[in-house]
Each structure stands twice: as structure tokens, then as C-alpha cells.
Amino acid sequence: MVQGEHTAQNPLGEGEVLVKTEFVWADGAEKDVKLAGSWNGWMPIQMYHEGGGMWSVVTPVPAGTHEFKFIVDGEWKHSTRHPTVGDDEENMNNIRVIKGPPPAYVEQQSAAKAEQGARRKRCCSIS
């Protein structure tokens, strides 16, 4: 499990806290590696070649348990370096538990946003 930096509220306005999370594919590729996961409807995310056989990406992921796979040179693959879930090679996905921030952090961020909104109203209201 990799825990990342906590970010603000979900930009889609769903109220979920997103966690910047790094994913790594270290088994080589000829041309390209993408990441796809359950948190974003399995939409591929471009990974970046770090040299040698290593590719990585940091992406915001909501707290919770998520399945993911890598698309290596156009072929969907799971990694043997990450925990897996599934009953056979065809249905095998990697899995990761993303921990969100502690409740005190979420409360602090919500209070800060409320105060910021109140300041904007005071400074920007037209009489």
C-alpha cells in the first residue's frame, strides 16, 4: 500500500477527499504503459518512463479499496509486484487500499474553506 499526500475536495464536487497516489510498473515495456483503475471508470492514465524498465504516475485517488491494471504496449496486464484479486489470469486485477486523511484533517480543511468563502463575500460584495 502506498499512501500519498492529501489533496482538497474532489474537483467534481462530490465531497470525496482525494489522495495523491503513486503507481509504478517496473517490469519493462517496449513503447508505452498506462494505468487504469476502478476509481475512474477504467479510463487509461498515461504513465511516464523513468528509465530502465520503470514507469510511474502520481494521480489523485479517493480513499477506499480500488482495483487497477496496467496497459503495457496495448496489452492489459496485472503486476506480480502488487497484491492481486481475481480467480484466474484473465480476471486478475491488482488491488490497493488508499487511506484518507484523519478526520481532524478533513474538519480543518472544511473550516478553512468556509472561512475563505466568508472572506470573499466580505471583500467582493457590491453595495
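So, a few notes on the structure that sits alongside this text.

Analysis parameters
- Residues numbered from 1 in each chain as written.
- Predicted model: local features only at pLDDT ≥ 70, side-chain atom pairs only at ≥ 80, totals over all residues.
- Heavy atoms only, no water.
- Phe/Tyr/Trp six-rings, centres within 6.5 Å; stacked < 30°, edge-to-face > 60°.
- Buried < 20%, exposed > 50% of the residue type's maximum accessible area, 1.4 Å probe, protein only.
- Helix = DSSP H or I, 4+ residues; strand = E, 2+ residues; numbered from the N terminus.
- Contact = heavy atoms within 4.5 Å.
- Core = buried A, V, L, I, M, F, W, Y, C linked by side-chain atoms within 4.5 Å.
- Pairing = 2+ DSSP bridges.

## What to know about the packing of aromatic side chains
Moving on, step 1. Inspection of every chain in the model, using the stated rule, returns 5 aromatic pairs.
Moving on, step 2. Between F68 and F70, the ring centres sit 5.7 Å apart and the planes meet at 85 degrees, which makes this aromatic pair edge-to-face. For the pair F68 and F70, a shared accessibility class is recorded, and that class is buried.
Moving on, step 3. An aromatic cluster of three or more residues is present, and its members are F23, W25, W39, F68 and F70.

## Here's the deal with the side chain of S56
Moving on, step 1. Relative to the helices and strands, S56 resides in strand β6 (residues 54–62).
Moving on, step 2. Judged by its relative accessible area of 7%, S56 is buried.
Moving on, step 3. Those residues within four positions of S56 in sequence are excluded, and the remaining contacts are E22, F23, V24, M47, Y48 and E50.

## Focus: the nonpolar core
Moving on, step 1. Of all hydrophobic cores here, the largest spans 15 residues; its most connected members are F23, W25, V33, L35, W39, M47 and F70.
Moving on, step 2. Of all the secondary-structure elements, those providing two or more residues to this core are β2 (17–25), β3 (33–37), β6 and β7 (64–72).
Moving on, step 3. Leave out the neighbours within four places in its chain, and L35 touches F23, M43, P44, I45, M47, V57, T59, F68, K69 and F70.

## A few points about unusual backbone geometry
Moving on, step 1. Phi is positive for W42, close to 65 degrees, though the residue is something other than glycine.
Moving on, step 2. The residue W42 is located in the loop between β3 and β4 (45–46) in this model.
Moving on, step 3. For D73, which is not glycine, the phi torsion reads 50 degrees and is therefore positive.
Moving on, step 4. As for its placement among the helices and strands, D73 is situated in the loop between β7 and β8 (75–77).

## Some thoughts on the pairing of β7
Moving on, step 1. Relative to β7, β3 runs antiparallel, the two being bridged by 5 bridges. Looking across to β7, one finds that L35 is bridged to F70.
Moving on, step 2. In terms of strand pairing, β7 meets strand β10 (residues 93–98) through 5 bridges, oriented antiparallel. Counterpart to T65 in the pairing with β10 is V97.
Moving on, step 3. With 3 bridges joining them, β7 and β8 adopt antiparallel strand pairing. Bridging across to β8, I71 finds its partner in W76.
Moving on, step 4. The hairpin turn running from β7 into β8, its antiparallel successor, is 2 residues long, and D73 in that turn takes a positive phi close to 50 degrees.

No statement about biological role is implied by the geometric values presented.
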